[in-house]
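Analysis of the macromolecular model
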Amino acid sequence: MPKANPRHPKFLIPSGPELRAKGWRQEALLRLLENVLSVGEDPDNLVVYAALGKAARSWAAHRGIVKALIEMDEDQTLLIQSGKPIGLVKTHAKAPLVIMANCNIVGQWAKAEVFYELQRKGLICWGGLTAGAWQYIGSQGVIQGTYEIFMRIAERRFGGDLYGRFVLTAGLGGMGGAQPLAGRMAGAAILCVDIDPERARKRQQIGYLQEIAPDLDSALVMIDAAIKEKRALSVGLVGNAAEIYPEIARRGIVPDVVTDQTSAHDLVYGYVPKGMSIDQVRGLRDDGQGQLMAASRASIVEHVTAMLEFQKRGSEVFDNGNLIRTQAREGGVANAFDIPIFTEAYLRPLFARAIGPFRWMALSGEESDIARIDDLLLEMFPDNKIITNWVRLAREHIPFEGLPARIAWLGHGERTALARRVNELVADGELKGPVAFSRDHLDAGAMAHPNIMTERMKDGSDAIADWPLIDAMMLCSSMADLVVVHSGGGGYAGYMTSCGVTVVADGTDAADERLDYALTNDTALGVMRYADAGYDEALDEVAKKDVPYIRLS
Ligand code: NAD
């Protein structure tokens, strides 16, 4: 029986032992599709997160996908092109059940305007990273990454935590909504600006955001008190970041850390320009795209200029993966890239070891399954400080949304070992149902994104998209259940290509084989990608873990 969903009553949370499909593998993918909508930002329009990231191209396409997943046999493969099912071909039981290509536009045509036109004609949709691949798990998906960034900054600049420190950010959407909780977990007094009161309320309702201040003055009083008392606190403020950031700078206040997670990547469907209401923006999306793009860019120029001013006065300022520097530079801010990207600044040593955001979803719908896997993590990785610290914090702070899920940054060999052990627990009946394993597309071997993931790679290979393509082909040969190649849509058109993967632990020997091959090869490729770019951490990993990288002499 599916569970009620207080957030979106029409979109129930799948759960229970009854299957609608012919096997658990197909049922698992169906549940994951249902899940991304149950935790999505605007499921009525199939939008999951990042302004336009969709689970399927249209409701007709969605119905077609659901029907195929229910009716298909294990020796068939469902083909999906930009969120629309196009065929069910005969393969074999070790082949992926679903393969997708989403939003891949030929180079010279890969521009936001072309994407919007193709989308208007119903020919394409953007799958975000994890929306169209049915892997999104709510704001939890990005929370450990955000937390780890805050902790790296804390270690480098503030003695190990952020107690008594002021973090200023914006964006309380599907991903940005993780910021207040991640900030609080790191000890900060964090102020999160969002133009949409609904988003702020939603984050408060699910326990990610503590307070919503009525105005900037009150917000700053609350933050100031928390700083003085060295008390962790998250405060939301409804307003436009392009107004609030410069106003804070004008008052001479210098936050310790400044970033932003508005949907600045998309000037039409994401960012809200200064002086416009959300309704005005909606009214211009079809017929006033040019006007909207110009207005958004002008606001982003002010927004980023304020961020640069904070940087000049000593704040730790970083881009959190939303293309805001790129938009500002195109608007004339020549030094926008003085602001570093989070991947290069804080996380690359982890990615170079293929340590990244691995995740799993309890398909039974039972929270106790995640609790058991939390225990297992502590048993299996007692010396891994990142993991033990994270499990303790996650248990204490992170509320479940949709299917109970967990994310943890694990690397080569670790992911495989955990997943295979979980498969045994499913087989033994220790867990109440199968578990799906997946990861973010922002992972070592899985993404080419020269302004986010692969910015300033040591060997200059930033824009080479061969890696995610090799990853996808390799994962098909490695028996993964779902494999997808996504490229950027909306404002991300032309900026990125990524690969996603899902493998289901249903307790069978066949699942054990799939988990072993797919997860091992996926992280091995991640290590190889960084070894090939000359990163010492990756070369160390190659040697220590016997990664089959071919090093030319
Ligand atoms: P979203 O569309 O769900 O939320 C964006 C939020 O920004 C909305 O709540 C919107 O009201 C708010 N907003 C827009 N313009 C504003 C303005 N001028 N002032 C204040 N608030 C404004 O998007 P999301 O899923 O939260 O993603 C946010 C951005 O982060 C996207 O660009 C996305 O691609 C990027 N992202 C980064 C990572 C990462 O790993 N760092 C991961 C996922 C997404």
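Definitions and limits used
Residues numbered from 1 in each chain as written. Predicted model: local features only at pLDDT ≥ 70, side-chain atom pairs only at ≥ 80, totals over all residues. Heavy atoms only, no water. Helix = DSSP H or I, 4+ residues; strand = E, 2+ residues; numbered from the N terminus. Buried < 20%, exposed > 50% of the residue type's maximum accessible area, 1.4 Å probe, protein only. Domains from an automatic or database assignment. Contact = heavy atoms within 4.5 Å. Buried area = accessible area lost by both parts, 1.4 Å probe. Salt bridge = Lys/Arg side-chain N within 4 Å of Asp/Glu carboxyl O. Polar contact = N/O pair within 3.5 Å; in protein donor to acceptor, adjacent residues only side chain to side chain. Nonpolar A, V, L, I, M, F, W, Y, C, P; charged D, E, K, R; others polar.

**Thoughts on unusual backbone geometry**
Of note in this structure, Ala354 is not a glycine but carries a positive phi near 60°. With respect to the helices and strands, Ala354 occurs in the loop between α12 (342-351) and β12 (356-362). Judged by its relative accessible area of 2%, Ala354 is buried. Not every positive phi belongs to a glycine, and Asp546 is a case in point at roughly 55°.

**Structural notes on the domain arrangement of the protein**
Structurally, the protein comprises domain 1 (140-346) and domain 2 (347-545). For domain 1 and domain 2, the distance between their C-alpha centres works out to 27 Å. Listed per partner, the contact involves 29 residues of domain 1 and 32 residues of domain 2. Together domain 1 and domain 2 conceal approximately 2700 Å² of surface at their shared face, both sides included; 58% is due to carbon and sulfur atoms. Our enumeration of links across domain 1 and domain 2 arrives at two salt bridges. One can count 15 residue pairs in polar contact (both at pLDDT 80 or more) joining domain 1 with domain 2. Those elements that provide at least two residues to the side of domain 1 that touches domain 2 are α4 (140-157), α5 (179-185), α11 (324-330) and α12. Each residue belonging to the side of domain 1 that touches domain 2 can be placed in one class, and the counts come to 13 nonpolar, nine polar and seven charged.

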